[in-house]
Amino acid sequence: MIKPPTPRALILAAVSGFQYSDMTGVLIGEEHLVYGANDRALHMLHLNEIPAEGVSWVALTPPEYQGSDDRAIVDAIKYGVSGWFRKEFLVGAGDRIAIDLVAIATASDPFRWIAFMRLAGSSPLQVQHASSFSSSERSSSHDDATFRLARRLAGAVTLRDVVVAVDRLAAGSLGCEYVNFALASENQTLRIHHVPSANPLIAERWDEIPLDRSTLLGECLLNDIAAVLTIDEFEERYPALGSDGRAMGFSHLGAAAMHTEDGRVVGVVGLGWRDEQLNADLDRIRGVGDLIGNATDLALNTDLARSMASAFQEMLLPTKLDPVVGGDVHVRYQAVDRAVGGDFYDVVTGADSSSWLVIGDVVGHGLAASRTMAKVRFFLRSCVRSHIDPSEVLALVHELLEAEGLQELVTCLIARWDPKVSELTFATAGHLPPIVCSDISTVLEIPVNPLLGLPGARFDAGNLVVAISRPVRLLLYTDGLIERRHEAIDTSIQALATQLEHHDRGGSRPLEELADALIDGATSTVDDDMALLVVSLLPFGGSLMPD
Amino acid sequence: MPDSIKPFQVIATGDGWKVTGDIDISSSGALSEAFSGDRRTTEDGRVVVDVEEVTFIDSSGLQVLIDLSSQVAPGGVTLRSAPRNVRRLLELTGLSTTFRLENPAAD
């Protein structure tokens, strides 16, 4: 039977836990990315500055540990979790640094894993500060740091992942029978996240509790401590909670405040043991609390950033396109997994009633990409009021982006349709070539300018002018529609051209159906946003033309 | 791991780096980090990135290469043994003149 912790011991433990955390980081990766992960781990441990020939983790990993990561990842994929394991890195003359790791398959994608790691025991190196994706990103003074973090992690961790991970950790690391964690909600309550294995009756009864000191969870969170109590002590101290704990057969109940890496308290983890011989280790409990705190923080940031960014993008894409004289236009945009991409399109009427059909893609994702996309569209809309040369417009937009000091690179393709002379004028800034179809498809070769925003770029490639003498369908698209790894790009583009030809049925297909067929038939093997703009154009005299 | 998966890897060489595998959103961060470390160059100050065994580059990968080229003198980044698909990507994105190509892979 353990000795109940005294209040003084609890306070001391809390203070030391607050000031010294052995958490060194969380890593998220895919099945085959073990190697990069090791390098990242070395970086977290500040070992990548060790002078060595072509510093690589392989050189720093003793032979007996070389296969341990692969085994852990295989276990994580097979069983969901690897269990804690230890590995060592060689540092300097015979010194070794040991870290403990656990790899967990994420709930959303079984081939994506999260590894939590921390320094084991005493280390010959002084680790200056814990470092990971989140802290290194957060410490950046750049105002978009949070969103760059989210961009990197988008799709990686969700609260559901955390819940599953907590469930798996509980038995493995702490020998508990029961675990949950609670996050403070706005109305002074604690919202409890139960793990899938929780007793459903208990889960239903205790889904929300007041955020005050009348419960063990509330007390540990508000006092920023970890504690373990025997069931007798628990009932004496928190009479309002009744005897659910005893009814479930618990001998001990515990809780620990969950910290983020920068020391904020984000919630509290609750634990239950049925083992009379329990030897509770408060450091270990605190460690698990911080681990969950860290993961929760990532998940919440990701969720928040995602919902903000997608709302933002919805606001930024045009809801109404200008009509095209002598033509008809249909657009489709399909985002991947609600994460926000940088694809954009627009249809704008120029001063001379020409139509400017635009498609583009900001390299990168997230709020920064959305902001740049909005700027590009705004600049384009302004420029076409006073210019008629698409390549000049690209050059102007590039200058304006440079003047704003925006970092993102943007591909952009403009097709200017002049109905008076039935001509299409194309200019591109590193965007995929357009396809025209009039019974048969042709991929147009347009002189290529560099990407918008490329430092020192010159936009002197000029335009391609195409006279339209019969009804055509014109397709502008983004790389999500064709991107296929390990296939020649031109083969992928040609495949799309063939699809267009096939689905267009000699120009008889309604544009909306045509766009749907192209999206549905997309054979992309890369999760990326897709945007397409399909236009049907009739040459002068081919339709009712205003003059 | 099956042999068919060629893992992403970046190794420092005598005049720059050799990169292997797919450069995409999941590896471009690591590449960027490697590029920001100590850099070796040729005698005339160029940085050579050997991309012969690069199997795929997405836009985030391009961004990292462009970032590298903006850190050195104009035309100071050479791509060695670029496979056809890498060269084609550079053409399509108007970046053919941003990088110097050396010994393009004959395929």
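Residues numbered from 1 in each chain as written. Chains lettered and ligands numbered in written order. Predicted model: local features only at pLDDT ≥ 70, side-chain atom pairs only at ≥ 80, totals over all residues.

Caption draft 1: Quick peek at helix H1 (residues 28–35) of chain B. Inspection of H1(B) places Ser28(B), Ala30(B), Leu31(B), Ala34(B) and Phe35(B) among the buried residues, and these make up the whole buried set. Buried residues along H1(B) cover an arc of 160° about the axis, so they all sit on one side. (Buried ≥ 20, exposed ≤ 12 C-beta atoms within 10 Å, placed from the backbone. Helix = DSSP H or I, 4+ residues; strand = E, 2+ residues; numbered from the N terminus. Arc of directions from axis to C-beta.)

Caption draft 2: Main features of the interface of chain B and chain A. Residue-level contacts link 30 residues of chain B with 30 residues of chain A. Sorting the residues of the side of chain B that touches chain A by element identifies strand E1 (9–13), H1, strand E3 (47–57), helix H2 (59–71) and helix H3 (84–92) of chain B as the ones contributing at least two each. Tallying contributions element by element places H3(B) first for the side of chain B that touches chain A, with 6 residues. Its residues assigned to classes, the side of chain B that touches chain A comprises 13 nonpolar, 13 polar and 4 charged. (Contact = placed C-beta atoms within 7 Å. Nonpolar A, V, L, I, M, F, W, Y, C, P; charged D, E, K, R; others polar.)

Caption draft 3: Structural detail: unusual backbone geometry. Residue and element names in this part refer to chain A. Despite not being glycine, aspartate 224 has its phi angle at roughly 55°, a positive value. Turning to its location among the elements, aspartate 224 is positioned in the loop between helix H9 (216–223) and strand E8 (226–230). For serine 353, which is not glycine, the phi dihedral falls at a positive 65°. Topologically, serine 353 is positioned in the loop between strand E12 (343–349) and strand E13 (355–362). When the 12 C-beta atoms within 10 Å are taken as the criterion, serine 353 is described as exposed.

Caption draft 4: Just the sheet that holds strand E2 (residues 16–23) of chain B, in detail. All names here are of chain B. The mixed open sheet is built from 5 strands, whose spatial order is E1-E2-E3-E4-E5. Two strands bound the open sheet, and with one partner strand each, they are E1 and strand E5 (100–102). Neighbouring strand axes in the sheet, compared pairwise and without regard to direction, differ in orientation by 25° on average. By the bridge criterion, 4 bridges tie E3 to strand E4 (residues 77–80) in an arrangement that is parallel. (Pairing = 2+ DSSP bridges. Axes fitted to C-alpha atoms, helices over the stretch in contact; angles between N-to-C directions.)

Caption draft 5: Structural view of the sheet that holds strand E17 (residues 440–443) of chain A. All names here are of chain A. Taken in spatial order, the 5 strands line up as E11-E21-E20-E16-E17 in an open sheet, and their pairing is antiparallel. Only two strands of the sheet have a single neighbouring strand rather than two, namely strand E11 (327–334) and E17. The average angle at which neighbouring strand axes cross in this sheet is 15°, direction not considered. In this sheet, strand E20 (residues 472–477) lies alongside strand E16 (residues 435–438) in antiparallel orientation, the contact comprising 3 bridges. Paired with cysteine 437 across the bridge in E20 is arginine 473. Strands E16, E17 and E20 of the sheet are contacted by helix H15 (residues 489–504), whose axis makes an angle of about 150° with E17.

Caption draft 6: Structural context of the confidence of the model for chain A. Residues and elements named next belong to chain A. Across chain A, the average pLDDT comes to 73, with 64% of residues at or above 70. The low-confidence segment residues 1–25 (pLDDT under 50) makes 50 contacts with residues lying over four places distant or belonging to another chain. The low-confidence segment residues 122–156 (pLDDT under 50) makes 72 contacts with residues lying over four places distant or belonging to another chain. (pLDDT = per-residue confidence, 0-100.)

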